[in-house]
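Single-letter residue listing:
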Amino acid sequence: MATKKAVAATATIAAVGLATWLGASVMAGRAAADEIGTLARSPGGHGLQVLALKHEPGLLSSVGTMALRVEDSCGDSRSDEALTLQLQYQLSHLILPGSLLRLSWSLQPTGAAGAAFTKAFGSQAALQGEGDVSFGRELRSSLSLPALSVSEGGRQVRIEPSQGRLRWGAESFGLDWKTGALVARGGGEALELRSIGLEMDIRNRRLGTGTVAFEIGQIATGSGSAEGLRLAAEAVERGDRIDVSVKPSLKRLQAGGQEARDLTLELALRNLHTASLETVNRIVT
């Protein structure tokens, strides 16, 4: 008898837990739909405007599309020349250890930009990724873009497939982006860039504090070559002041029969007023 009661109690607890889990997952889906709707209703003014949102909610998953129009520097997105991107996404709302939801997405240019892209590269290759949203509401996603190549008027450009990772928090932003090579030929000239990478770790988007590093492993042209090009920048907040440093460096440069190694330079700006920088950043963006 005691065993039956224990089994019944366990089954009841399991049923309640399952119902709670599923209910929380449904609520997570509704919260995601609300946030997407709020984003679509925002007036823009930050360089990007959301248009034509179509969100189709489901019990534990949802799909949708939206147009993202890049505004010009004056905030006018009505121009026919404005860049417009089509975003397609799919969300899974089932809460799992480590994430509130999972997502997959793709992004590609449309309109005049899409036509120009297709003409140049012969296809509508899409930037795409898969990721999740953590319990701390941080978006984390992979990034991938297939190889791109264009050949016109005797000129050729090829970019190898690229990939990376993206994260977007309440105030932070991170990006790790790499591609194997970019090769351009034409007019009797050639340019080859290999091992291209960009790393960004922005701790506060309002202030622009954090680190940025851009690297090219090898550069080859008809007139010379270089190795280990790196441009690193850092902005650090100290109370009501911010220190900014920029450090370009080059491991080797060979041109005109001359060679130089281990070139470095550091530029620094100290004691910049934090509030003033925040105001300028708000005006610019």
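Residues numbered from 1 in each chain as written. Predicted model: local features only at pLDDT ≥ 70, side-chain atom pairs only at ≥ 80, totals over all residues. Heavy atoms only, no water.

(A) Just the overall build of the protein chain, in detail. Secondary structure assignment for the protein chain yields three helices and 16 strands. Per-residue burial over the protein chain gives 28% buried out of 285 residues. A separation of at least 24 residues holds for 41% of the contacts in the protein chain among residues at least 6 apart in sequence. Carbon and sulfur atoms make up 59% of the accessible area of the protein chain, which totals about 17500 Å². (Helix = DSSP H or I, 4+ residues; strand = E, 2+ residues; numbered from the N terminus. Buried < 20%, exposed > 50% of the residue type's maximum accessible area, 1.4 Å probe, protein only. Contact = heavy atoms within 4.5 Å. Areas by Shrake-Rupley, 256 points an atom, 1.4 Å probe, with all protein chains shown as cover.)

(B) Local environment of the pattern of salt bridges. Scanning all chains against the criterion turns up 14 salt bridges. In this structure, Asp176 and Lys178 form a salt bridge, with 2.8 Å as the shortest nitrogen-oxygen distance. For Lys178, a relative accessible area of 38% puts it in the partly exposed group. Taking the shortest distance from any N to any O, the salt bridge between Arg252 and Glu259 comes out at 3.6 Å. Judged by its relative accessible area of 11%, Arg252 falls in the buried class. (Salt bridge = Lys/Arg side-chain N within 4 Å of Asp/Glu carboxyl O.)

(C) How the structure looks around the packing of aromatic side chains. The final tally for this structure, using the stated rule, is one aromatic pair. If you follow Arg205 out to its NZ or CZ, it ends over the ring of Trp168, 3.9 Å from the centre. (Phe/Tyr/Trp six-rings, centres within 6.5 Å; stacked < 30°, edge-to-face > 60°. Lys NZ or Arg CZ within 6 Å of the ring centre and 35° of its normal.)

(D) Seen up close, unusual backbone geometry. Residues other than glycine seldom take positive phi values, yet Arg137 does so here, at roughly 65°. Counting through the fold element by element, Arg137 comes out in the loop between strand 5 (127–133) and strand 6 (139–145). Even without being a glycine, Ser195 presents a positive backbone phi close to 55°. Structurally, Ser195 is set in strand 11 (residues 189–204).

(E) Seen up close, the nonpolar core. Grouped together as the largest cluster of nonpolar side chains are 18 residues, with contacts concentrated most on Met66, Leu68, Leu87, Tyr89, Leu91, Trp105 and Leu107. When residues of this core are traced back to their parent elements, those giving at least two are helix 1 (2–41), strand 2 (61–70), strand 3 (84–92), strand 4 (101–110) and strand 10 (173–186). Not counting the four nearest positions on each side in its chain, Leu91 is found in contact with Ala32, Ile36, His55, Leu60, Ser61, Ser62, Leu101, Arg102 and Leu103. Core analysis: the second largest hydrophobic core is formed by six residues, Ile196, Ile219, Ala226 and Leu250 among them. (Core = buried A, V, L, I, M, F, W, Y, C linked by side-chain atoms within 4.5 Å.)

(F) Quick peek at the pairing of strand 7 (residues 148–152). Where strand 7 and strand 8 (residues 155–159) come together, five bridges link them in antiparallel fashion. Along strand 8, the bridge assignment pairs Val150 with Val157. Two successive antiparallel strands, strand 7 and strand 8, enclose a turn made up of two residues, where Gly153 displays a positive phi of approximately 60°. (Pairing = 2+ DSSP bridges.)

(G) Looking closely at the environment of Ser92. Here Ser92 shows up in strand 3. Along the sequence, Ser92 and Leu103 sit 11 residues apart, while their C-alpha atoms lie 6.2 Å from each other. If we ignore the near neighbours within four places in the chain, the residues touching Ser92 are Leu60, Ser61, Leu101 and Arg102.

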